[in-house]
Amino acid sequence: MSDLYDFLDPWGPSSNNTADTTSAPIGSGGMFGAPTIHESSRRCLDKVVLPPVYATAFTAAQSAGGGQVTRNALQQTLELSGLPRHIIGQIVLTADTGSGLLTQQDFNLALAMAALAQKNMSPTLESVMFHKDELPVPELAGVESLANSSAERPHSGVALGGNAPDDPWSSAATNDITSSTAAVGALSLTDNEPDQLASKTGKEAFRQPQSESTKPRTANRDNSALQTYVPKINMEEVQWQLDKEEVSIKEAAEKGGIVFKHTNYEVSTRTFSSMVVRRYKDFDWISNYLVTRYPYRMHANLPPKGFPVDRKFLDNRLKGLTRFANAIMRIPFLKRDALVIQFFTNTDEFAHVLKVGNLDMESEEIDPDEELGDTPWSEVQETYAAFDDFYTQVARDEERYRIQITVLEKIARYKQAIGDELNAYSDTLRTANAPRESISGSRKFHVQTASKRALDSDLNELSMSLSDVSLLEKAHGEVLKTISAEYLRRLYDVVVAMKLMMDRMRRTEKRKDIQRVRERNDANRKTLAQLNGESPGPDPADRSSIDRLERLVREDTAEQQKLEHEQRCIEVRFYQELARYKCYESFLQTIYHGYAEEQIKHHSMALSAWKQALSTADDLPADPQGFIAN
């Protein structure tokens, strides 16, 4: 169940028991004992063509031509970038592995982080990993002259400042400092390569008795060291366009049920030109079906169950069901599913459709080789090794979008409150609301002078201008709430879907089972070899033991092959779904373009209203004597 509804909607506490892994210590081993992200992230630039400035700066900074750079030399090199000192210190701390001496690999990572910082991007290993194919060029003022002077003099010392005795960054003083920055796994996504890749047809890989889930496939790797790979996924644009709506849902006029009434929903789908009546139970069933049928895919989030207690609950549920249905219809493989088509088109009660239909409830079967296309298996393994780090990133995305939605909704409420207060203020300016003239005492100061009559007229005009501003503020708040915040909710749903999918993968991960079966099989093979070696002509008792062990070996070998195939399927699906998850970030352009456009429109109209108010205010009589009767 999505945590979104616990925080932002009124359905009460969540039943999500997802384990929190974001606090796992860095460097403690990845998921299920996989290599840590440091090992893969620090190699992310090894096969990337870097600009010449990287080699030039390294030549200038290295000490005595030994192929290494001191921490102090790196810091002085980074000072040429003009970055603030605290940013430079962060980069140095991240690049150094703790020895005080940096290899060219570490030096290149530091320059890449500096280049990102110069473009106001996050200077972390994670950012370098994400942008490795489109890194900006670091700007280091005067590095060429330093490199030339370093090449002309003999290498007898430190090129860019040695380790002075009082240098706090020297290796002796900081030998115990280790990098505290984790990064994200190696997934190369480019926008300039073709989406459709050639497919492999061989299925023999997972049929071999050897362990295929741990054997990296290196074909074509050596000849394509500089090549990046686009995951083979469906790139139909409709799935990234979260603002498009194919399904509209409204409450039916009549309740369902005889004794216990329930709310029915009229579900209209533009794609199928259909209208069906469904209840919440039907949505819940199709949601469970999709998770069972496609367990390693991202799925839309259904609003949680609960007894309708008020109108607000029903309205929020209706919004949640609409987001759920539209999310299904955006995904190409889901909207082509036979049962999904029945759900949106069959006018019979869905319970009857399920009863008479021949339903396929088995999990989808895939061929990992065919799914990968030309992508090397090593790319998938490197990505899956960083599973825990990606999970942490998704958790951070979830929190970020949650805060953004909350803030936008607060701003919307503030805007509507400002509109209400401005409207109340404008009411007090109208003549109809002014106190009547006194009929007692002197009449001299109660006579309506020309200035007083002009003032009343102009205040009425000013009241209308303020009323216009009030309406604009309230309309702006409504737009922020119904469009900007709603679009962010849809993106938030994608993040939650990714997190739930990764939770399912964690629960069904097969590596431990593979290791257990392999160890048992190895023990049986060893015992079988001993029996065959000691008894050239075994007696019936030995023959019976040999037959039993041979049967166990065959069974374990088959089970190991099956588990390895399932693990390969999990890793391939994770690789593909992670790529899809990253593609959804393109929707941010739609969100913020619309947000900025709306701000410009609102402020332009508000400016016109305030200009009108200023013109009216300038016309207000300003001569004090004009308000005194003669």
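Residues numbered from 1 in each chain as written. Predicted model: local features only at pLDDT ≥ 70, side-chain atom pairs only at ≥ 80, totals over all residues. Heavy atoms only, no water.

Some words on the packing of aromatic side chains
Any pair of aromatic rings gets described here by the distance separating the centres and the angle formed by the planes.
Move 1: Under the defined criterion, the tally for this structure stands at 15 aromatic pairs.
Move 2: Aromatic side chains Phe-283 and Phe-343 sit 5.3 Å apart centroid to centroid with 75° between the ring planes, which places their arrangement in the edge-to-face category. Taken together, the positions of Phe-283 in helix H9 (residues 280-293) and Phe-343 in helix H12 (residues 338-345) put the pair 60 residues apart, joining distant regions of the chain.
Move 3: The class of Phe-343 is buried, set by a relative accessible area of 1%.
Move 4: On the numbers, 5.9 Å between centres and 10° between planes, the contact of Trp-285 with Tyr-289 is stacked. Residue Trp-285 and its partner Tyr-289 are located together in helix H9, separated by 4 residues, close to a single helical turn. (Phe/Tyr/Trp six-rings, centres within 6.5 Å; stacked < 30°, edge-to-face > 60°. Helix = DSSP H or I, 4+ residues; strand = E, 2+ residues; numbered from the N terminus. Buried < 20%, exposed > 50% of the residue type's maximum accessible area, 1.4 Å probe, protein only.)

Some words on the nonpolar core
Move 1: Counting residues in each nonpolar core, the largest one holds 64 residues, and the members touching the most others are Ile-249, Phe-344, Met-498, Met-502 and Phe-574.
Move 2: Residue contributions to this core peak at 15 residues, all from helix H17 (residues 450-508). (Core = buried A, V, L, I, M, F, W, Y, C linked by side-chain atoms within 4.5 Å.)

Re H17
Move 1: Under the 1.5 Å per step criterion, the end-to-end length of H17 is 86 Å for 59 residues, consistent within 8% with the ideal 87 Å.
Move 2: Of all the bends in H17, the greatest, near 30°, is centred on Leu-480. (Expected span 1.5 Å × (residues − 1). Bend = angle between axes of the 7 residues up to and from the residue.)

A closer look at the pairing of strand E4 (residues 264-269)
Move 1: Two strands pair when backbone bridges link them, and strand E3 (residues 247-251) and E4 are joined in this way by 5 bridges, in the antiparallel orientation. Counterpart to Ser-248 in the pairing with E4 is Ser-268.
Move 2: Sheet analysis places E4 next to strand E5 (residues 274-279), joined by 6 bridges and oriented antiparallel. Counted as the bridge partner of Ser-268 is Met-275 from E5.
Move 3: Between the end of E4 and the start of E5, which pair antiparallel, lie 4 residues, with Ser-273 showing a positive phi angle near 50°. (Pairing = 2+ DSSP bridges.)

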